[in-house]
Amino acid sequence: MTDDQIQSLLDDGKAEARHVDALKKLDPGAYCIHRSWGFGKVASFDHIMGKFQIDFKGRAGHAMEARYAAESLEILPAGHILVQKVVGLDALKQLAAGQPLQLMRVVLGSFGGQAMVEPIAAALCPEVVATADWKKWWDGAKRAMKKDPHFGVPAKKTEAFVLRDKPQRPEEELLRLFAAGANLKQKLQAAEQLLRIADLLPDVAAVLGSVIHALSDEIEASPHRDPATTLEAIWVRDELAGLCGHQTPHTVEQIHEVVRNVRHLGELLQSLPSAKQKRLLPHLRTAYPDTWHNTLRQILLSADAKLAGDIIEFLTNEGQSDAVRAFLDRVVREQSATNELLLWICRSRNQQAFAETIGPLLNVRLAGAILQAIQREHSDTGRKKNLLLEWFVNDHAMLGDLLRETDIEDVRDIARKLLLHPAIGEMDRRSLLARIIKVYPQIQALLTGGAEARQQTITVSWESLEQRKAEYDELITKRMPANTRDIAIARSYGDLRENFEFKAAKEMQKVLMARKGELELMLTNSRGTDFADAKTDAVGVGAVVTLADLTENKTVRYAILGAWDSDVDRGIISYQTTLAQALLNKKAGDEADFEIGGQRHHVRVEKIERYVDMKSEIGPPCILRVAAGAAEASSAPAAPASN
């Protein structure tokens, strides 16, 4: 604006003296920005009305009084990125393609010398850098800025990128960050970055000496506040000291002090970066010379797959192969192995280094443990993604390998578990069953949808049948209607693509529908009984059989009841278990063989009685709750002693 125009506004009371400097910049053609309406251009000035016409995006010819325009508009310099996108877009695209650092100078200069990632991306995408190319371009620009001392690249996403007035060597900024660190964790972050650029330092000892001493002081001052950070700081300090030719004689004692004051060593290992977990294992051996191997084996039951592999490899190298093998065999037999541990076994089963350790585990018990672990995670967490299940399904040879040279009844048990497994989808279930059939064609009838499988009637106790019916009624009358309401409520939140509540409710709907189908199939194919027609001339359903265990020289007793009945502590087992199948139709004096917990037993039938005559002593049937359906009954229950 001219001086005369400004004076006229002042005389008419349409502007004040404090507006003069801003008004001088408001010439037609000037580019500006408004906090609400964004980027715009001064189109004209009506000196009679004392108003400016501003062309904003989507709001062309917007009239603004001179006073308000002077107060609310920021006039942008010609070199501002927003102006350049209008007057020199092609030039900016050329900079993006060949000179990303020069483009970043323009961008950061436009924002006062510093900016976060979000405004930088908003300034460049999609006009200068295509949205599809942004990530790759931005990664390259960051790498270039890290090498240029005129730029400051933040270590955290919450910090800004900086354009410096004069170049600064990388170590200067890192030393500043180290000195400003309020605690050991912050200082450690700067020290790790110094370690990464150590080969670029002109005088390593001069630059790193103070850092090494400061880290040592922090380690001495707070060994127990954050054990994982303290251990990382010790290792980084030692690496820095090694570059300077310094000795750190107290490292082992400091590490021992940390680990001896930790209550849960497994949690400490898991809190370390995965690349550094392995580094602590030798120190656990020396810190706990008498118990380290037992401690590490127990940590396997809480470790992730990578840490489990590191621990097993370490124990094996330290001469603990037999103990590791026995431990793994036990947790597989007891089905107490975690998903992560079983995932490591699956991933490592073909590795020669672990052949002696894993080889003896590759049998039907491992298959059962895997199915049980998959269901346990599904029940406990409800997570859709199950890494153990994915591996089990995608390793096309594994299930067949585990079942080779296996008793046909054990194979049938696995097939039945697959048929009613709540965590395995229909297509995956069919694929796994097909792999079993490839090795054992005789179980073809168990395929989901097979007429024989669907029409086969199972015998169940009235008590367990009523419990299944009650579960079905609750599902139909309470859980499914409640889920329908949850879906409706979640749908009302809008934007189904980002609606977590809606997705969770729909996933639960799938689970409930699958369970409904399972229960309907169970109830359709079941026949209730009170076992009153049981005979005593041979072992059958409803019989209580007393056995002489000739292997362990003791007497045991089992009540063989319905498909859904199981209470191992009281000796109640389902007639579908491998043990019961081995005893059915045997008479007093007959002998049989079966396996419990991996050990073969040779028994003789001593006495056969009716359950209905001994119900007051044994108690009522108890529904099997290990998994859904009779097909999932344990194939080898523990035998309770009766003497």
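Each remark here, short or long, concerns the structure printed above.
Here is what the cut-offs are and how they apply
Residues numbered from 1 in each chain as written. Predicted model: local features only at pLDDT ≥ 70, side-chain atom pairs only at ≥ 80, totals over all residues. Heavy atoms only, no water. Helix = DSSP H or I, 4+ residues; strand = E, 2+ residues; numbered from the N terminus. Rg over C-alpha atoms; globule rule 2.2 N^0.38 Å. Contact = heavy atoms within 4.5 Å. Areas by Shrake-Rupley, 256 points an atom, 1.4 Å probe, with all protein chains shown as cover. Lys, Arg positive; Asp, Glu negative; His and termini not counted. Charge placed at Lys NZ, Arg CZ, Asp CG, Glu CD. Polar contact = N/O pair within 3.5 Å; in protein donor to acceptor, adjacent residues only side chain to side chain. Salt bridge = Lys/Arg side-chain N within 4 Å of Asp/Glu carboxyl O. Buried < 20%, exposed > 50% of the residue type's maximum accessible area, 1.4 Å probe, protein only. Pairing = 2+ DSSP bridges.

Quick notes on the overall build of the protein
- Each helix and strand in the protein was counted, giving 30 helices and 15 strands.
- Computed over C-alpha atoms, the radius of gyration of the protein comes to 37 Å, more than 25% over the 26 Å expected from 2.2 N^0.38 for 643 residues, which places it beyond the range of a compact globule.
- Projected onto its principal axes, the C-alpha coordinates of the protein cover approximately 125 × 65 × 45 Å.
- Taking the intrachain contacts of the protein between residues at least 6 apart in sequence as the baseline, contacts between residues at least 24 apart amount to 61%.
- Only carbon and sulfur atoms are counted for the fraction: they give 50% of the accessible area of the protein, which is about 32600 Å².
- Computing the positive centroid from 82 side-chain charges and the negative centroid from 88, the protein places the two 3 Å apart.

Thoughts on the side chain of Thr338
- With respect to the element layout, Thr338 can be found in the loop between α18 (321–333) and α19 (339–348).
- Here Leu341 takes part through its backbone nitrogen, which lies 3.1 Å from a polar atom of the side chain of Thr338.
- Residue contacts for Thr338: discarding those within four places in its chain leaves Leu300, Leu301, Ala303 and Arg376.

Here we look at the pattern of salt bridges
- According to the stated counting rule, one finds 32 salt bridges in the structure shown.
- We note a salt bridge from Arg349 to Asp395, for which the minimum N-O separation is 3.1 Å. In this pair, Arg349 sits in the loop between α19 and α20 (355–358) while Asp395 sits in the loop between α22 (387–394) and α23 (398–403), placing the two residues 46 residues apart along the sequence. Across this residue pair, the class does not change: Arg349 and Asp395 are buried.
- For Arg604, the salt bridge is made with Glu606, and the minimal N-O distance between the two is 2.7 Å.
- Here the salt bridges do not stand alone but share partners, grouping Glu16, Arg18, Arg67 and Glu71 into one network.

Looking at the pairing of strand β4 (residues 59–65)
- Here 5 bridges tie strand β3 (residues 51–56) to β4, and the two strands are oriented antiparallel to one another. Looking across to β4, one finds that Gln53 is bridged to Ala63.
- Linking β3 back to β4 in an antiparallel pair, the connection comprises 2 residues, with Gly58 at a positive phi of about 80 degrees.

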